[in-house]
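Take a look at the letters that make up each chain.
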Amino acid sequence: MSILMNQEQIKEIIPHRDPFLLIDEIVEMEPGKSIVAKKYIKAEDFWFKGHFPEKPVVPGVLLIEMLAQAGAVSMLSLDEHKGKIGFLGGVDKAKFRRMVVPGDVVTLEVEIIKVKGPVGVGKAVAHVDGEKAVTAEISFVLK
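Reading guide: rules and limits
Residues numbered from 1 in each chain as written. Predicted model: local features only at pLDDT ≥ 70, side-chain atom pairs only at ≥ 80, totals over all residues. Heavy atoms only, no water. Core = buried A, V, L, I, M, F, W, Y, C linked by side-chain atoms within 4.5 Å. Buried < 20%, exposed > 50% of the residue type's maximum accessible area, 1.4 Å probe, protein only. Helix = DSSP H or I, 4+ residues; strand = E, 2+ residues; numbered from the N terminus. Contact = heavy atoms within 4.5 Å. Pairing = 2+ DSSP bridges. Axes fitted to C-alpha atoms, helices over the stretch in contact; angles between N-to-C directions. Polar contact = N/O pair within 3.5 Å; in protein donor to acceptor, adjacent residues only side chain to side chain.

**Quick notes on the nonpolar core**
Alright, step 1. In this structure, Ile14, Ile23, Val58, Val73 and Leu108 are the most contacted members of the largest nonpolar core, which totals 40 residues.
Alright, step 2. Counting residues per element, the ones that place at least two in this core are β2 (34-40), α2 (60-76), β4 (105-116), β5 (119-128) and β6 (131-142).
Alright, step 3. Examining the composition of this core, we find that 11 residues originate from one element, α2, more than from any other.
Alright, step 4. Not counting the four nearest positions on each side in its chain, Leu108 is found in contact with Ile23, Ile35, Val36, Ala37, Lys38, Lys39, Met66, Leu67, Ala70, Val125 and Ala126.

**Side note on the sheet that holds β6**
Alright, step 1. Strands sit in the order β1-β2-β4-β5-β6-β3 across an open sheet of 6 strands; the sheet is antiparallel. Each edge of the sheet is formed by a strand with only one pairing partner; in this case those strands are β1 (25-30) and β3 (86-96). Strand-to-strand twist across the sheet, computed as the mean angle between neighbouring axes with direction ignored, equals 20 degrees.
Alright, step 2. With 10 bridges connecting them, β4 and β5 associate as antiparallel partners. Across the sheet, Val115 pairs through a bridge with Gly120, a residue of β5.

**Some details on the environment of Thr135**
Alright, step 1. Note on placement: Thr135 falls in strand β6.
Alright, step 2. A C-alpha to C-alpha distance of 20 Å links Thr135 and Gly32, two positions 103 residues apart in sequence.
Alright, step 3. Among residues more than four places away in sequence, those in contact with Thr135 are Lys93, Ala94, Lys95, Arg97, Ala124 and Val125.
Alright, step 4. Of the polar contacts made by the side chain of Thr135, one reaches the side chain of Arg97; its length is 3.2 Å.

Given below as structure tokens:
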């Protein structure tokens, strides 16, 4: 897969910045419909200092945040939403199926399944090597 957007281009769409910009690149996107992003997990990522020093594991809430940021890029790429911020509105049916550790490449897929005004829902899946790590429905509000 080729890169559609790098981190600098992502920063033109969502307001997240280091250390909380948690997606590295966009590889597929249909604005307002679906997106596929990547996150390269490195041993020096800030959360590993405390989660856990002897057995580093990406916190599940950060995997949800990665998915939410990917979904935000898709929605905020639509002309009518440019300049807005996507806020996480809720997480439903979350299942954590596999640990994510340093060296993993996380593929983040979000399909927007419902939108009503500024509120919507995305079906989200994070994979590592083709194996599901997280599945969830994430809701959002655009303001």
